[in-house]
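So the chains spell out like this:
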Amino acid sequence: MNPMTAARSTTPADRPQLGLRERKKIKTREAIRAATYALIKEQGYDATTIDQIAERAEVSPSTVFRYFPTKEDIVLTDEYDPILLELLRARSADEPLSETMRYVMREGARVGIEEDPEVARLRTHLMVTVPAMRSRMMESMSVTGRVLCAAIGERTGRDPDSLEVRVYAMSLIGGLMETSLYWAEHSHEDDFEGLLDRALDVLEHGLGNENR
């Protein structure tokens with residue numbers, strides 16, 4: 001899937017402060033993630049066990065499972081869905097939907113990569129090299145697609161479960177997924193935002209010259 005800086009429609013001061021219990025949950029979740037990333041970098045994904053993660057994060061294995069049902073979820077779970085919704089809802093209702101979605105996709109990707117470039121590269125590398133990770137990511141992005149359908153329906157007045165909205169939303173999600181895989185397959189050498197722009201161009205305009 002995180003600070004939002006200028007992209008947020010409200011500032012942190014405008015938001016209600018989290019209670020102690022919620023802050024502890026966030027701290028525990030972040031400790032589990034940090035332990036997992038560190039262990040994977042040290043010894044690889046397959047060699048990393050839940051018991052090792054729990055020990056490194058100083059929690060019990062049952063606590064790890066309470067926050068993340070699977071090892072794949074530890075790596076892939078993020079808080080980006082609310083960010084995408086907030087970005088979309090902050091745009092002018094008069095702006096063409098294609099322009100809005102280009103902004104939302106680009107800005108969401110920028111935030112995700114700039115927050116921790118090393119983690120972004122690790123996650124996408126694992127998506128390419130670990131079949132279970134890629135499968136879980138597809139499930140996760142399907143959930144994001146449904147969230148996006150609801151937001152697009154809200155903005156356009158269309159039925160979020162209509163074929164047209166579902167195809168449009170999932171095309172965007174599929175484009176993001178394939179861009180992420182392409183980025184990792186090419187050793188993260190390209191600028192991700194530039195690749196995403198290319199993907200969005202294809203979704204908006206097609207392949208262009210069909211004889212190429």
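Source: prediction; values computed, not measured. (Residues numbered from 1 in each chain as written. Predicted model: local features only at pLDDT ≥ 70, side-chain atom pairs only at ≥ 80, totals over all residues. Heavy atoms only, no water.)

Moving on, we get to the overall build of the protein. Scanning the protein for helices and strands turns up ten helices and zero strands. Each helix (α) and strand (β) of the protein, taken in turn from the N terminus, gives the series α-α-α-α-α-α-α-α-α-α. Across the 212 residues in the protein, those meeting the buried criterion constitute 40%. Just so you have it, the protein exposes about 12200 Å², and 52% of that area is on carbon and sulfur atoms. (Helix = DSSP H or I, 4+ residues; strand = E, 2+ residues; numbered from the N terminus. Buried < 20%, exposed > 50% of the residue type's maximum accessible area, 1.4 Å probe, protein only. Areas by Shrake-Rupley, 256 points an atom, 1.4 Å probe, with all protein chains shown as cover.)

What follows covers the packing of helix α1 (residues 20-43) against helix α2 (residues 50-57). Packing of α1 against α2 leaves a shortest axis separation of 8 Å and a crossing angle of 120°. Here α1 lies oblique to α2, going by the angle between them. α1 and α2 meet at a crossing whose hand is right-handed. Between α1 and α2, the contacting residues are A31, I32, A35, T36, A38, L39, E42 and Q43 on the first element and Q52, I53, R56 and A57 on the second. Considering only residue class, the contact of α1 with α2 consists of seven nonpolar, three polar and two charged. (Axes fitted to C-alpha atoms, helices over the stretch in contact; angles between N-to-C directions. Parallel < 35°, antiparallel > 145°, perpendicular 65-115°, else oblique. Left-handed = near helix turned anticlockwise from the far one by under 90°. Contact = heavy atoms within 4.5 Å. Nonpolar A, V, L, I, M, F, W, Y, C, P; charged D, E, K, R; others polar.)

Across its 13 residues, helix α7 (residues 117-129) extends 18 Å between first and last C-alpha, which sits within 8% of the 18 Å expected from 1.5 Å per residue. Restricting attention to buried positions, one finds in α7 the residues V119, A120, L122, R123, T124, L126 and M127. Those residues of α7 that are buried are in contact with α1, α4 (71-76), α5 (80-90), α6 (97-115), α8 (131-156) and α9 (163-185). (Expected span 1.5 Å × (residues − 1).)

Attention now goes to the confidence of the model for the protein. Residue-level pLDDT values for the protein average 86, and 89% of them are 70 or greater. Mean pLDDT across the secondary structure elements of the protein bottoms out at α5, with 83, and peaks at α2, with 97. Segment residues 1-16: pLDDT under 50, and 31 contacts once partners within four positions in sequence are set aside and those in other chains are kept. (pLDDT = per-residue confidence, 0-100.)

Before going further, it helps to spend a moment on the side chain of E95. Mapped onto the elements of the fold, E95 is located in the loop between α5 and α6. A residue is classified by how much of its surface remains accessible, and E95, at 17% relative accessible area, is buried. Polar contacts involving the side chain of E95 include one to the side chain of T100, which spans 2.6 Å. Apart from the residues within four sequence positions on either side, E95 is in contact with T100 and R155. (Polar contact = N/O pair within 3.5 Å; in protein donor to acceptor, adjacent residues only side chain to side chain.)

Time to look at the packing of aromatic side chains. Tallied over the full model, the rule gives one aromatic pair. One residue, R91, lies across the ring of Y103, its end atom 3.7 Å from the ring centre. (Phe/Tyr/Trp six-rings, centres within 6.5 Å; stacked < 30°, edge-to-face > 60°. Lys NZ or Arg CZ within 6 Å of the ring centre and 35° of its normal.)

Moving on: the packing of α1 against α7. Interaxial distance between α1 and α7 falls to 12 Å at its minimum, and their mutual angle equals 65°. When you trace α1 past α7, the crossing you get is left-handed. Contacts between α1 and α7 pair Y37, I40 and K41 from the former with E118, V119, L122, R123 and L126 from the latter.

Residue placement: I74 occurs in helix α4. Between the C-alpha atom of I74 and that of T36, which follows or precedes it by 38 residues, the distance is 7.3 Å. When residues no more than four places from it in sequence are discounted, the contact partners of I74 are I32, R33, T36, Y37, I50, I53, V64 and F68.

This part covers unusual backbone geometry. Positive phi outside glycine occurs at E58, with the angle close to 60°. Along the chain, the position of E58 falls in the loop between α2 and α3 (61-67). For S187, which is not glycine, the phi torsion reads 60° and is therefore positive. Mapped onto the fold, S187 is located in the loop between α9 and α10 (192-205).

What follows concerns α6. Between its first and last C-alpha atoms α6 spans 27 Å; for 19 residues at 1.5 Å apiece the expected length is 27 Å, and the two agree. Burial in α6 covers these residues: T100, M101, V104, M105, E107, G108, A109, R110, V111, G112 and I113. Buried residues belonging to α6 abut α5, α7, α8, α9 and α10.

This part takes up the nonpolar core. Of all hydrophobic cores here, the largest spans 41 residues; its most connected members are V75, L126, M133 and L148. Broken down by element, the residue count for this core peaks at eight residues, all from α9. (Core = buried A, V, L, I, M, F, W, Y, C linked by side-chain atoms within 4.5 Å.)

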